[in-house]
Each structure stands twice: as C-alpha cells, then as structure tokens.
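Take a look at the letters that make up each chain.
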Amino acid sequence: TIVFDVQVVRQDFPILNREVNGKPLVYLDNAATSQTPKQVIDCIVEYYSNYNANIHRGVHALSQEATDKYEQARQKIQKHFNADKPHEIIFTSGTTHGINLVANGFSSILKKGDEILVSAMEHHSNIVPWQMLCERTGAVLKVIPMNEEGELLMDAYGELLSKNTKLVFCNHVSNALGTINPIEQIIDMAHQVDATVLIDGAQAAPHIKADVQKLNVDFYVVSAHKMCGPTGVGMLYGKEEWLNKLPPYQGGGEMIAEVTFEKTTYADLPHKFEAGTPNICGGIAFGAALDYMNAIGFDAISAYEHELLNYATKKLLAIDGLKIYGTSQNKTSVISFNIEGLHPYDIGSILDKLGIAVRTGHHCAQPIMDFYKIPGTVRASFSFYNTKEEVDILTEGVRRAKNMLA
Ligand code: PMP
C-alpha cells in the first residue's frame, strides 16, 4: 500500500518546479542520477555554513563536530544496509571507486588460470576493472549469459562455476534493463565453490533495501547520487575479514610508504581505505538522504514505483512499433525502448524540446546493446516523485516524436 502523497513529496524537490524549453520539467532520468530533496540540500548548506572543517585531525570544536557527523553518517549507512560493524562501511567517491578498490585488491590474490565470472548485463564500471585485473594477473573473465527477456541463465551460471572460480560480479539491478537479478541465489551458488562475490547495488539501492548480512554478500557497492544524495560519494560494504585481507587501494606502492604509510596504509579499518581528505559534506549528506528515503519508507517507494512502471509499460506499448527491452516480471521502474526505424537519439532530442529528460544511448552497457543488435535505447526511469501525469506527457511526447520522425 502507498502511504505517501506524491504531491507533498514533490514539494521537497525544488528542481521539479523549473521549466525546460518553456515546458515544466518532466525528469525521467532517475537511473542516471536522482534529484535532491531540500532536506539534503539544507544539510549541505548547514555543513558549509556552520561546521566546515577537516575531520579526524584537529582538536578544535569544528573538526570534532564534522568528525562526529561524518561518523554518524557511517552508522546510518551501516544500519540501513544492516552491516555488522561500522568499519565495514568504507566511504568512496561512488560505485566505480568501490569496484576499482576491490579489483585492485585482488591483484595480489589472484593467480594465472583463476576465473572471474561477470554477468552479461553489467555496467562498464563492472566490466573494465575486471578486464584490467585479468591483464595484471592472468586470470580469465567468463560471462554469465542472459535471455531475450533480460534475465540471467542460472543453469548456465551453475555450469560456469568451478573450483577455479575465484570471483563473481553481478549487478543487483541492471541499469539498462531494470532486471532485478536473483542475487541471493547467485551469492549462495558462488559460495558453494568458495568464490567471493561483489554485488553492484548502484541501481538497486534507490528502490530496494539490501540486507548485507542476510544476503551473506562479501562486497556491496552503491552511489549516493542515485538515492537522493549528492554526487561524488558512495559506500563500499565489505566483510571485515575481506577488508583486512585486501591491501590499501591508493598509491599501492613505494610512494605511499614514503608519504602516508604509517597513517593510512596501516591504519585500522575503515581508515585504511580512506586516505586523504574525503568528501566530508557528501558523506554527511548521504546520511541525510537515507534518513529522507527511510522516512517515506522503501516498501511504500517500491509499491508506488511499481504502479508507475505498470502504467507506463501499458501506455507505451500501445504505441505502434514500440519495443521494450528488459521484460522480466522482476524489474524496477526502468523502461528501455526503441521505435522501429527511428534512432533513439532523435527521439530523445524531441522529448528534450518538450521538457522531458530521458537518457538515450548504450547506457554504459554496450554488451547488452550488442546482444539485442541495437545501437542504443531510449530509457525512461521513474522515481517515487514522478506521477502518472508525467507518464502521460512522456507517452504523448513519444507519439509526437514518432509522427515527426516517421
Ligand atoms: N553500476 C551501475 C549498475 C550503474 O547504473 C552505475 C551508474 N550509471 C554505475 C555502476 C556507476 O556508478 P557511478 O558512476 O556513480 O560510479
């Protein structure tokens, strides 16, 4: 059941009042980045207005205040994802940073002939770091295939797993298709052959509250900017034993031994992975974003978004020649589509003229586009502050684009 009033929620987002090309903004690019509620904006203003200082360094009051707020934010994140210990939460600059931190750490662990499995529907940020890791170590990258609906083939996954499998990487939710992957099963099956699992939660975190202990996942990464927080901050969850085992990420050699070896390399968790001045304000604002979303409630958010998804799917499919990619029953509020004979970029440009923001292109997931043999798609991604009226405006816009371009 939906327990919030979307019109009230919309008042929290100042940007939703603006116009684009003389039309009210219809923001449907939430999978790229979400909009920011005034509660989070206020938190940022308050930081720079009242207690801007470097953390963990000074004895003075402002530094202490900033440190306390930053560590409180870490605890909010810990609680949200149900990590066992606060130092299992590492602040990062985002999902990409978290993945690279782990991939880099495995450089000294993997050996020639070890195997890494990634899913066929990964974001480039979850492909390229592993390819680089393979180049460094001689490990081999293998791909878990998917079907036309955009679902992973779990039998094929089972067949790929072996005693050589050391790492498995998969997104919780695909950014290009919206598919919610069966990560519980993916994690369990990997653990049966003693492989380690990293789940990219970038697209799941805005919709689903993941419980890292229940999932028994080894690593889980997210970006704050996709869940009402600012850009340039995210978190890496890692099981304590893994974070202790991995070497520090930054520098990774003699240089750091000279400069900050004592202080950063051999510092306890989480500081071992947090060299340098972090995005202090961003971390605190990330905590405020979680407070904001939890006050609305993830069950309410996901129920409402599903209603929008079903409504939009029905409306869009009524347009002749429109095809949706990613048709799993188990998906978040993302619709990737094309219209026969039209280029996604042209559709996106016309929608922009109408004030409608969608994403067009390969969505940093070229292998998916290759799978469907298309150059890209138009992607509309809905958040809990979108409305059915906006879906109507989108559908009308797509019809107009089709008439103009056909
Ligand atoms: N993985 C997925 C599934 C994503 O959607 C994104 C962002 N589009 C990323 C990783 C990368 O996130 P960031 O750019 O915030 O590091």
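Residues numbered from 1 in each chain as written. Predicted model: local features only at pLDDT ≥ 70, side-chain atom pairs only at ≥ 80, totals over all residues.

Here we look at the overall build of the protein
Working step 1: A tally of regular secondary structure across the protein gives 16 helices and 15 strands.
Working step 2: Scaling as 2.2 N^0.38, a compact globule of 406 residues should have a C-alpha radius of gyration of about 22 Å, and the protein matches this with 22 Å.
Working step 3: Along the three orthogonal principal directions, the C-alpha set of the protein runs to about 65 × 55 × 40 Å.
Working step 4: Put simply, of all contacts in the protein between residues at least 6 apart along the chain, 72% involve residues at least 24 apart. (Helix = DSSP H or I, 4+ residues; strand = E, 2+ residues; numbered from the N terminus. Rg over C-alpha atoms; globule rule 2.2 N^0.38 Å. Contact = placed C-beta atoms within 7 Å.)

So, the environment of Leu309
Working step 1: One can find Leu309 in helix H13 (residues 298-317).
Working step 2: Measuring from C-alpha to C-alpha, the distance between Leu309 and Ala205 comes to 17 Å, with 104 residues separating the pair along the chain.
Working step 3: Ignoring anything within four residues of it in the chain, the contact list for Leu309 reads Ser333 and Phe382.

Here we look at the site of the ligand
Working step 1: Around the ligand sit 13 residues in total, of which Gly94, Thr96, His123, Asn175 and Ser223 are the nearest.
Working step 2: Its residues placed into classes, the shell around the ligand shows two nonpolar, 10 polar and one charged. (Near = placed C-beta within 6 Å. Nonpolar A, V, L, I, M, F, W, Y, C, P; charged D, E, K, R; others polar.)

Considering the sheet that holds strand S7 (residues 165-171)
Working step 1: Sheet architecture is open: seven strands sit in the order S4-S10-S9-S8-S7-S5-S6, paired in mixed fashion. Taken across any chain shown, the strands that pair with only one partner, and hence form the sheet edges, are strand S4 (89-92) and strand S6 (140-144). Neighbour-to-neighbour, the strand axes of the sheet open up by a mean angle of 20°, direction not taken into account.
Working step 2: With four bridges connecting them, S4 and strand S10 (residues 234-238) associate as antiparallel partners. (Pairing = 2+ DSSP bridges. Axes fitted to C-alpha atoms, helices over the stretch in contact; angles between N-to-C directions.)

Points about the domain arrangement of the protein
Working step 1: Split into domains, the protein comes out as domain 1 (6-30 + 298-405) and domain 2 (41-293).
Working step 2: Counting residues at the interface gives 20 residues for domain 1 and 22 residues for domain 2.
Working step 3: Of all the secondary structure elements, the ones that give two or more residues to the side of domain 1 that touches domain 2 are H13, strand S12 (334-339) and helix H15 (366-372).
Working step 4: A total of four residues in the side of domain 1 that touches domain 2 trace back to one element, the largest contributor, which is H13.
Working step 5: Partitioned by chemical class, the residues of the side of domain 1 that touches domain 2 number nine nonpolar, eight polar and three charged. (Domains from an automatic or database assignment.)

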